[in-house]
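Architecture at a glance
Here is how the chains run, residue by residue.
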Amino acid sequence: MTIMVRASGIRGYATLMRSLGAAPLPLLRRCRIAPAALDDDDALLSLQSVVQLLEASAGQTGCGDFGLRLAQYQDAGVLGPLGIVLQNAATVREAMALASRYMFVHSPGLAFTAYGDSALFKDAVEWVVELRLPGVQRQAIDLTLGGAHRITQINAGRDYRLEGVTLPHAPLVPIGHYRRFFGAPVRASRERAALHIGRATLDA
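Let me begin by describing the structure that accompanies this report. No experiment lies behind these values; they were computed from the predicted model shown. (Residues numbered from 1 in each chain as written. Predicted model: local features only at pLDDT ≥ 70, side-chain atom pairs only at ≥ 80, totals over all residues. Heavy atoms only, no water.)

1. Focus: the sheet that holds strand 7 (residues 193-198)
Spatially, the 5 strands line up as an open sheet ordered 3-4-7-5-6, and their pairing is mixed. In this open sheet, the two edge strands, each paired with only one partner strand, are strand 3 (110-117) and strand 6 (186-187). Inspection of the sheet shows strand 3 paired to strand 4 (residues 124-131) by 6 bridges, in the antiparallel sense. Opposite Phe 112, over in strand 4, you have Val 129 as the bridge partner. Packing against the sheet, helix 6 (residues 92-102) makes contact with strand 3, strand 4 and strand 7, and its axis sits at approximately 135 degrees to strand 3. Relative to the sheet, helix 7 (residues 138-156) contacts strand 3, strand 4, strand 5 (162-166) and strand 7, its axis offset from that of strand 7 by approximately 20 degrees. (Pairing = 2+ DSSP bridges. Helix = DSSP H or I, 4+ residues; strand = E, 2+ residues; numbered from the N terminus. Contact = heavy atoms within 4.5 Å. Axes fitted to C-alpha atoms, helices over the stretch in contact; angles between N-to-C directions.)

This is how it looks when you write it as C-alpha cells:
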C-alpha cells in the first residue's frame with residue numbers, strides 16, 4: 001500500500017524553487033505530483049514521491065540544505081486538525097505526546113517518538129523523528145526535523161530550550177548552516193534524527 005502525506009507538508013515548495021531560480025513544475029511532474037495539489041493542504045501525496053521530489057530539487061538547484069530552507073515555511077498549520085490540537089495542549093510535554101500518538105493523521109509514514117534522556121546533551125530529552133521509507137531521505141529528514149523544531153519553538157515561546165540536534169546523515173552543506181537554523185549544536189552521522197530538548201521546556 002502506498003504511504004501518503006498531506007500536501008501541506010511541502011507548503012512553500014513552489015515559492016522556494018522560484019527563489020532559487022528554478023521552475024517547480026517540471027520536477028513536480030517528474031515525481032508524479034499534480035501541481036494543483038500544492039494549493040490544497042488536504043490533498044494526499046505519495047510520501048515516496050515527496051521524498052524523491054525534495055532530493056531532486058536539492059540536486060537541480062545545487063541547494064544542499066533545501067529541506068531546511070523549506071522548513072522555514074512550516075508552522076503548526078501544516079498539520080491541519082492535529083496542529084490545532086497541539087496548539088491547545090496544556091504543556092509542551094502534552095503536545096509532544098499528542099504528536100507522537102496522532103502523527104499518522106498527517107502521514108502514517110512519519111513518526112515522532114520520545115526516547116527518554118539524551119545520552120549526548122545534559123538535562124535534555126531526545127525526541128526522534130523518523131521516515132518509515134527505504135532509500136535516501138536527507139532532505140525529507142531535514143524538512144521534518146526542521147518543521148518539528150519550528151512548531152515546538154512557536155508553541156513554547158521564550159521557554160524553548162533546544163540543547164542539541166542529531167542527524168543520521170552527513171550534510172551536503174557546512175554544518176554551520178544547521179547550527180544557524182536550529183540555534184544549537186548539531187552532530188551529524190548519528191544513529192537517529194532527533195531534537196534534544198531541555199527538560200525544563202517540557203513543562204512550559
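2. Things to note about the pairing of strand 7
The buried fraction of strand 7 amounts to 6 of the 6 residues, a majority that puts the element mostly inside the structure. The two faces of strand 7 match: Ala 193, Leu 195 and Ile 197 on one face and Ala 194, His 196 and Gly 198 on the other face are all buried. Where strand 4 meets strand 7, 6 bridges bridge the pair, whose relative direction is antiparallel. Its bridge partner being in strand 7, Val 125 is matched across the sheet by Ile 197. Note that strand 5 and strand 7 share 4 bridges and pair antiparallel. Counted as the bridge partner of Leu 162 is Ile 197 from strand 7. (Buried < 20%, exposed > 50% of the residue type's maximum accessible area, 1.4 Å probe, protein only.)

3. Looking at unusual backbone geometry
One non-glycine residue, Asp 123, adopts positive backbone phi at about 55 degrees. As for its position among the elements, Asp 123 is in the loop between strand 3 and strand 4. Given the relative accessible area of 55%, Asp 123 is considered exposed. The backbone of Ser 189 sits at a positive phi, close to 55 degrees, despite the residue not being glycine. Mapped onto the elements of the fold, Ser 189 is located in the loop between strand 6 and strand 7. Residue Ser 189 is classed as exposed on the basis of its relative accessible area of 53%.

4. Describing helix 3 (residues 47-61)
Here helix 3 is 15 residues long and its end C-alpha atoms lie 21 Å apart, about the 21 Å a rise of 1.5 Å per residue gives. Leu 47, Ser 49, Val 50, Val 51, Leu 53, Leu 54, Ala 56, Ser 57 and Ala 58 are the residues of helix 3 that are buried. The first or second residue beyond helix 3 is Gly 62, which carries a positive phi of 70 degrees. (Expected span 1.5 Å × (residues − 1).)

5. Some remarks on the packing of aromatic side chains
In the structure shown here, the tally under the stated rule is 4 aromatic pairs. A ring pair is formed by Tyr 13 and Phe 66, whose centres lie 5.9 Å apart and whose planes are at 65 degrees; its orientation type is edge-to-face. One end of the pair, Tyr 13, is in helix 1 (residues 13-19); the other, Phe 66, is in helix 4 (residues 66-71), and 53 residues separate them in sequence. Accessibility assignment for this pair places Tyr 13 and Phe 66 in one class, buried. Against the face of Phe 121 rests Arg 187, its NZ or CZ located 4.8 Å from the ring centre. (Phe/Tyr/Trp six-rings, centres within 6.5 Å; stacked < 30°, edge-to-face > 60°. Lys NZ or Arg CZ within 6 Å of the ring centre and 35° of its normal.)

6. Let's talk about the environment of Ser 100
Mapped onto the elements, Ser 100 comes out in helix 6. Relative accessible area serves as the criterion here: at 35%, Ser 100 is assigned to the partly exposed category. When the C-alpha atoms of Ser 100 and Ala 114 are compared, they prove to be 7.8 Å apart, with 14 residues separating the residues in sequence. Not counting residues within four places of it along the chain, the set of residues in contact with Ser 100 comprises Phe 112 and Thr 113.

7. A short note on the pattern of salt bridges
Summed over all chains, the structure comprises 9 salt bridges. Among the ionic pairs, Arg 11 bridges to Asp 41, the shortest N-O distance being 2.6 Å. Separated by 30 residues along the polypeptide, Arg 11 in the loop between strand 1 (4-6) and helix 1 and Asp 41 in the loop between helix 2 (24-30) and strand 2 (44-46) bring together distant segments of the chain. Asp 41 gets classed as partly exposed once you look at its relative accessible area, which sits at 28%. In this structure, Arg 192 engages Glu 191 in a salt bridge whose closest nitrogen and oxygen atoms are separated by 3.6 Å. Classification of Glu 191 as exposed rests on a relative accessible area of 70%. One continuous salt-bridge network, built from bridges that share partners, spans Arg 11, Asp 41 and Asp 75. (Salt bridge = Lys/Arg side-chain N within 4 Å of Asp/Glu carboxyl O.)

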